Amino acid sequence: MPRTNFQELLDAGVHFGHLKRKWNPNMAPYIFMEKNGIHIIDLQKTVVKIDEAAAAIKQIAKSGRKILFVATKKQAKELVAEAVGNVNMPYVVERWPGGMLTNFPTIRKAVKKMISIDKMMKDTSWDNLSKREKLQITRQRAKLDKMLGSIADLTRLPAALFVVDVLKEKIAVREAQKLGIPVFAMVDTNSNPDDIDFVIPANDDASQSIRLITRIMADAIAEGLNERKVEREKDGEEAPKKAAKTEKKAAAKVVTNDDEDVDVDLDDEDDSEE
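One structure accompanies this document, and this report is about it. No experiment lies behind these values; they were computed from the predicted model shown. (Residues numbered from 1 in each chain as written. Predicted model: local features only at pLDDT ≥ 70, side-chain atom pairs only at ≥ 80, totals over all residues. Heavy atoms only, no water.)

1. Some points on the overall build of the protein chain
Part 1 of the argument: A count of helices and strands for the protein chain gives seven helices and eight strands.
Part 2 of the argument: Put simply, the protein chain has 274 residues, and 39% of those count as buried.
Part 3 of the argument: Taking all contacts inside the protein chain whose residues are at least 6 apart in sequence as the whole, residues at least 24 apart take part in 64%.
Part 4 of the argument: Working note: accessible area of the protein chain is about 16,200 Å², and carbon and sulfur atoms make up 51% of it. (Helix = DSSP H or I, 4+ residues; strand = E, 2+ residues; numbered from the N terminus. Buried < 20%, exposed > 50% of the residue type's maximum accessible area, 1.4 Å probe, protein only. Contact = heavy atoms within 4.5 Å. Areas by Shrake-Rupley, 256 points an atom, 1.4 Å probe, with all protein chains shown as cover.)

As structure tokens, this is what we get:
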């Protein structure tokens, strides 16, 4: 069953593209028509692309890997942070720090710095610092948290990126492509879909459109995480049973071997009597 439908996308304004003069010709396959100088996106294709992207994202989440969401435009920040925060995935809604993927070890050092400041604040040594030193450290902590707080749990490179507006997040997309990280993205009529692995043709400016598609992806992630949890619990329950079964087989093998040994001994005694 499709995760969304034509009417739901229509109500959210997903079909509204950019002005005709701003279009990217590579988006032609996803454009239904032009009306009043504005391109209209083919929502039938959007439905299909959403299902493909959601299925792939679900499998990534089920495997236990992370999907990094990137949405720094004003109307998308809170929507993405709320939806993605509910499924414990990392996200970037402030300025994209250049080299976040291609220079990931440096980013991790900054995150560790933030964690070390937290530990210092709880330590007795914090009380020995001057008021000015405390203020400087607190400001540094706030700056780090604003930029990197949402990716503090990202201990290794993400398995995929989900991007709202590939033009605005072109640096993030370029870094992901350089490292071979698949990119899922909402692609409007003014963008180039050719370098995106999972294209979702959609209005990337309207808040309702962003909310709907982000929610669908978050729901797919939640499904993947739940299935992963069920499988792990099932494996945990079956492990003792498998161990007991293995022990039983081993015991049966020992008994069988002992019986065979007895038979051989008896045969030898009969031969000696003859």
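2. Some details on the pairing of strand 7 (residues 183-187)
Part 1 of the argument: Counting buried positions along strand 7 yields five of five residues, so the element is predominantly enclosed.
Part 2 of the argument: Residues Val183, Ala185 and Val187 point to one face of strand 7 and Phe184 and Met186 to the other, with burial holding for every one of them.
Part 3 of the argument: Sheet analysis places strand 6 (residues 160-164) next to strand 7, joined by four bridges and oriented parallel. If you follow Phe162 over to strand 7, its bridge partner there is Phe184.
Part 4 of the argument: The parallel pair strand 6 and strand 7, bridged by helix 6 (residues 170-179), forms a crossover whose chirality is right-handed.
Part 5 of the argument: Summarising the sheet, strand 7 and strand 8 (residues 198-201) pair through four bridges and their orientation is parallel. When the sheet's bridge partners are listed, Ala185 is paired in strand 8 with Val199. (Pairing = 2+ DSSP bridges. Right-handed = clockwise from strand over helix to strand, strands pointing away.)

3. Examining the packing of aromatic side chains
Part 1 of the argument: Throughout the structure, instances matching the rule amount to two aromatic pairs.
Part 2 of the argument: With a centroid separation of 5.1 Å and 35° between ring planes, the pair formed by Phe69 and Phe162 is classed as tilted. Within this pair, whereas Phe69 is found in strand 4 (residues 67-70), its partner Phe162 is found in strand 6, the two being separated by 93 residues in sequence.
Part 3 of the argument: When its relative accessible area of 1% is taken as the criterion, Phe162 is described as buried.
Part 4 of the argument: Arranged with centres 4.3 Å apart and planes meeting at 5°, the rings of Phe184 and Phe198 form a pair that is stacked. Residue Phe184 is found in strand 7, and its partner Phe198 is found in strand 8; the two are separated by 14 residues along the sequence.
Part 5 of the argument: Here Phe184 falls in the buried class, since its relative accessible area comes to 1%. (Phe/Tyr/Trp six-rings, centres within 6.5 Å; stacked < 30°, edge-to-face > 60°.)

4. Comments concerning the sheet that holds strand 2 (residues 31-35)
Part 1 of the argument: The sheet built from three strands is open, its strands ordered 1-3-2 with antiparallel pairing. Strands at the two margins of the open sheet, each flanked by one partner only, are strand 1 (16-19) and strand 2. For this sheet the average axis-to-axis angle between neighbouring strands, irrespective of direction, equals 30°.
Part 2 of the argument: By the bridge criterion, two bridges tie strand 1 to strand 3 (residues 38-41) in an arrangement that is antiparallel. Bridge pairing in strand 3 links Leu19 to Ile38. (Axes fitted to C-alpha atoms, helices over the stretch in contact; angles between N-to-C directions.)

5. Topic: the nonpolar core
Part 1 of the argument: Formed by 38 residues in total, the largest nonpolar core has its most connected members in Ile67, Phe69, Val80, Phe162 and Met217.
Part 2 of the argument: Of all elements in the fold, only helix 2 (43-62), strand 4, helix 3 (77-85), strand 6, strand 7 and helix 7 (207-273) reach the threshold of two or more residues within this core.
Part 3 of the argument: The greatest single-element share of this core, amounting to nine residues, is contributed by helix 2.
Part 4 of the argument: With residues up to four places along the chain from it excluded, the contact list for Phe69 reads Val80, Val84, Met89, Pro90, Tyr91, Val92, Phe162, Met217 and Ile221.
Part 5 of the argument: In this structure, Met27, Ile137, Leu148 and Val183 belong to the second largest nonpolar core, which totals 33 residues. (Core = buried A, V, L, I, M, F, W, Y, C linked by side-chain atoms within 4.5 Å.)

6. Focus on the packing of helix 4 (residues 104-122) against helix 5 (residues 131-148)
When two helices pack together, you describe them by how their axes are tilted relative to each other and by the distance separating the axes.
Part 1 of the argument: Between helix 4 and helix 5, the least distance of the axes is 10 Å, while the angle of their chain directions is 135°. Comparing the axis directions of helix 4 and helix 5 gives the class oblique. Like other packed secondary-structure pairs, helix 4 and helix 5 cross with a definite hand, here left-handed. Here Ile107, Ala110, Val111, Lys113, Met114, Ile117, Asp118, Met120 and Met121 of helix 4 come into contact with helix 5, specifically with Ile137, Thr138, Gln140, Arg141, Leu144, Asp145 and Leu148.
Part 2 of the argument: Looking at the contact of helix 4 with helix 5, its residues break down into 10 nonpolar, two polar and four charged. (Parallel < 35°, antiparallel > 145°, perpendicular 65-115°, else oblique. Left-handed = near helix turned anticlockwise from the far one by under 90°. Nonpolar A, V, L, I, M, F, W, Y, C, P; charged D, E, K, R; others polar.)

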